[in-house]
Each structure stands twice: as C-alpha cells, then as structure tokens.
Amino acid sequence: MNKNLILGTVQFGVYYGINNKAGKPDTNSVFDILETAWDNGVDTLDTADAYGDAINLISSFHASSGKIFKINSKFKNLRTEFLVDKLRLDIAHLGCNKINIIFFHSYAEYKENKHFLDDLLRAKDDELVEFLGVSIYTNEELKAVTDDPSIDVIQLPFNLLDNDFQRGSLLALAKKKGKIIQVRSVFLQGLFFMGSDKLPHKVSTLKPWIQKIEEIGAQEELSIEMLCLLYPSSQAYIDEIIIGVDTKVQLLRNLGVFRAALPSTVKEKINQIAVTPSSILYPTNWI
C-alpha cells in the first residue's frame, strides 16, 4: 500500500459506530492496539478533544512506552485567546514535539471562526503545528475549503457508497490545488458489515446499494473488508486513510488486507454506484 495509514482513536474514548456491540476497549486493549500499530509502521493517530478519554490514553501510552506517535487533532468551541496556550498544553501532555495536523472539527467551526486562522498560521511559524486542516462532510464544504490557501489538509468521508461518483472530480481538483486528502469512515461506522438483511430501520433506505456491494464481493470473491479498505487506497487523489479498530486482531487483519491490490474492473464497478440523495450517507442524518 502506498497510502499513509492513520489509526483513528474515537472508539477509544466514546461509544462509536452503528455496528458497535462491544463498547469501548479497556486500557490494556487500547495499549495493545497502539503497540501493534507502532510495531507495524503506523506512526500517526487521529484524535480530538471530543473523543472522551482518547487523548489521555494516548498520553499515558506515550509516557509508559516511549513510543511517540504523530498526532492529528481537532478542536471545537474554543475561545481565540486560549488557542495557542491549548496547543502548548496538548503538546506537553502528549509528550510530542508538535501537533502534526490541527483540524477545525467541522466546517461550521471553520466558517464561524476564521479569525483563528491568523493564530494558527503563527502557530505553524512557531513550529507548534505542521499543517492546518478542516474536517468536512458535504461537497459544498469541500469546494469552499479547497479555495482557501491557508488550509493544507481536507478530511472527509469516503467509502464504497460515498465514493468516486459522489466526490471524485472535486477531490481530484483539490489534489491538483495542492491539498492533502485524508479520508475517514471507510467502513461507514461498521454499516457494511451488518448485512443488507439486518440494517436498522434508520438506514434501511441504503439496502439496495449495500446489496450491490455484497453482489460485487461475491462475484469477485473479495470480502467486504477487502472492498472497504482497498477501494479508497486505489484512488490516486487520496493521500491518507483513517481506520478505527476495537482490537489488535482487527488491526493486524486490516494491515494484511492492505498488502493486496484492488482489480481495476472492481474499482470501476464501485465507482459507478450512485447513491441518491447523498445526504443519507451521513451518520448525522441517521435519526
């Protein structure tokens, strides 16, 4: 795999995922996952203030192991005058030299707090952060942040349904403009593993497209896990892929999958899947 793989940490600190039956992993399990990630060349974590105890767990792992990950973090609901102080405190707490990427946690946060950008750019100059980013959902948001030269990284969902048909041309344009493209939700919160016949009512409108994915997997003799992981890694405009796991066994299995390649014919079949309206793909609308 020639993509940078990033380990997501939301599930370490909060109950996350529509298909999550196990809850949060305990501290020992989290440390096992982090140790396994590090030993297999995964050196970057995606976290956020909103992820419960995740940052504290990362800090404890850093302190006890001496293995220091690069940290991508998100902030929200922060007053401007506290921003730089918070960055310094987080860096000290995590035991790292700088924050690799600091994200606005949402497009709304970015739009409402653009006055933060001057402080963040100074933080870059002072080597407190390496890159500035925005975490987004929609194509309208993607267009807006693509046009902002102060934003280095765009993080957004991308998966078998929220796919090239939905976003491909816009992501190619963002890449052309020099943005680093980072994708999350490749498993759609575990929805792809539930099976089309067991979908909760709130996402039942996705059943025809989940069935299509299952048909492609059966025809090509590829597991759903392989399709989920190899499809985003096959896209030239994607630089980094975030995955979340509950156990080190899952992580090792995912890493093994990434050693394979997705046949171009399968990629094209998935590229042509067209979910409408696209809003049903966003978990915030699963009410």
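Above this text you will find the structure in question.
Remember, predicted model here, so these are calculated numbers, not experimental data.

What counts and what doesn't
Residues numbered from 1 in each chain as written. Predicted model: local features only at pLDDT ≥ 70, side-chain atom pairs only at ≥ 80, totals over all residues. Heavy atoms only, no water. Helix = DSSP H or I, 4+ residues; strand = E, 2+ residues; numbered from the N terminus. Rg over C-alpha atoms; globule rule 2.2 N^0.38 Å. Buried < 20%, exposed > 50% of the residue type's maximum accessible area, 1.4 Å probe, protein only. Contact = heavy atoms within 4.5 Å. Areas by Shrake-Rupley, 256 points an atom, 1.4 Å probe, with all protein chains shown as cover. Lys, Arg positive; Asp, Glu negative; His and termini not counted. Charge placed at Lys NZ, Arg CZ, Asp CG, Glu CD. Polar contact = N/O pair within 3.5 Å; in protein donor to acceptor, adjacent residues only side chain to side chain. Bend = angle between axes of the 7 residues up to and from the residue. Expected span 1.5 Å × (residues − 1). Arc of directions from axis to C-beta. Phe/Tyr/Trp six-rings, centres within 6.5 Å; stacked < 30°, edge-to-face > 60°. Lys NZ or Arg CZ within 6 Å of the ring centre and 35° of its normal. Salt bridge = Lys/Arg side-chain N within 4 Å of Asp/Glu carboxyl O. Axes fitted to C-alpha atoms, helices over the stretch in contact; angles between N-to-C directions. Left-handed = near helix turned anticlockwise from the far one by under 90°. Nonpolar A, V, L, I, M, F, W, Y, C, P; charged D, E, K, R; others polar. Pairing = 2+ DSSP bridges.

Student: I'd love a proper account of the overall build of the protein, names of residues and values included.
Tutor: A count of helical and extended segments in the protein gives twelve helices and eight strands. Taking 19 Å as the expected radius of gyration for a compact globule of 287 residues, we find that the protein reaches 19 Å, a close match to that expectation. For the protein, the C-alpha atoms occupy an extent of roughly 55 × 45 × 35 Å along the three principal directions. Put simply, the protein has 287 residues, and 54% of those count as buried. The long-range fraction of contacts in the protein, counting pairs at least 24 apart against all pairs at least 6 apart in sequence, stands at 78%. Within the structure as shown, the protein displays about 12800 Å² of accessible surface, and the carbon and sulfur contribution to it stands at 50%. Charge centroids of the protein, computed over 31 positive and 36 negative side chains, lie 3 Å from each other.

Student: With reference to specific residues and values, describe the environment of K70.
Tutor: Tracing the chain through its elements places K70 in strand β3 (residues 70–75). C-alpha separation for the pair K70 and T44, spaced 26 residues apart in sequence, amounts to 4.5 Å. In this view, K70 contacts D43, T44, L45 and N100; residues no more than four positions away in its chain are not counted.

Student: Go over the side chain of S73 with me, naming the residues and quoting the values.
Tutor: Mapped onto the elements, S73 comes out in strand β3. Taking the relative accessible area as the measure of exposure, S73 reaches 4% and is therefore buried. Not counting chain neighbours up to four residues away, the residues in contact with S73 comprise T47, A48, I55, I99, I101, I102 and F103.

Student: I'd love a proper account of the side chain of D162, names of residues and values included.
Tutor: Residue position: D162 is located in the loop between β6 (153–157) and α8 (164–176). Residue class for D162 comes out buried when judged on its relative accessible area of 2%. At a separation of 3.0 Å, a polar atom in the side chain of D162 contacts the side chain of R167.

Student: Give me α8: which residues, what numbers.
Tutor: L170 marks where α8 bends most, by close to 25°. Taken together, the buried residues of α8 touch α7 (139–146), β6 and β7 (180–184). One side-chain oxygen of the residue at the start of α8 lies 3.2 Å from the amide nitrogen of F165, identifying that residue as N163. Downstream of α8 by one or two residues, G178 has phi in the positive range, about 90°.

Student: Please provide a residue-by-residue account of helix α4 (residues 83–94), values included.
Tutor: The terminal C-alpha atoms of α4, which comprises twelve residues, lie 16 Å apart, in line with the 16 Å expected from a rise of 1.5 Å per residue. Those residues of α4 lying buried are L83, K86, L87, D90, I91 and L94. Taken down its axis, α4 places every buried residue within 135° of arc, on the same side. Turned more than 90 degrees off the buried face of α4, the exposed positions are L89 and A92. Those residues of α4 that are buried are in contact with α3 (54–65), β3, β4 (99–104), α6 (116–125) and β5 (129–135).

Student: Tell me about the packing of aromatic side chains, and name the residues and values.
Tutor: Throughout the structure, instances matching the rule amount to eleven aromatic pairs. The ring centre of F103 lies 5.7 Å from the NZ or CZ of K74, which sits over that ring. A cation over a ring is seen here: R184 above Y137, with NZ or CZ 4.9 Å from the ring centre.

Student: Could you give an account of the pattern of salt bridges, naming the residues involved and the relevant values?
Tutor: One pass over the full model with this rule turns up 13 salt bridges. Ionic pairing is found between R167 and D162, a salt bridge with its closest N-O pair at 3.0 Å. A single burial state applies to R167 and to D162, both of which are buried. What you see here is one network of salt bridges that share partners, running through E35, D39 and K67.

Student: I'd love a proper account of the packing of helix α2 (residues 27–39) against α3, names of residues and values included.
Tutor: Two elements in contact, α2 and α3, have axes separated by 10 Å at closest approach and are oriented at 65°. α2 and α3 meet at a crossing whose hand is right-handed. The segment α2 lies against α3, with T27, V30, F31, L34 and E35 engaging L57, S60, F61 and S64. Its residues placed into classes, the contact of α2 with α3 shows five nonpolar, three polar and one charged.

Student: Kindly report on the sheet that holds β6, identifying the contributing residues and their values.
Tutor: Taking strand neighbours around the barrel as the criterion, the eight strands line up as β1-β2-β3-β4-β5-β6-β7-β8 in a closed arrangement whose pairing is parallel. Going from strand to strand, the sheet's axes swing by 25° on average, the running direction of each strand aside. Bridge count between strand β1 (residues 4–8) and strand β8 (residues 240–243): four bridges; the pairing is parallel. The partner of I6 across the bridge, within β8, is I242.

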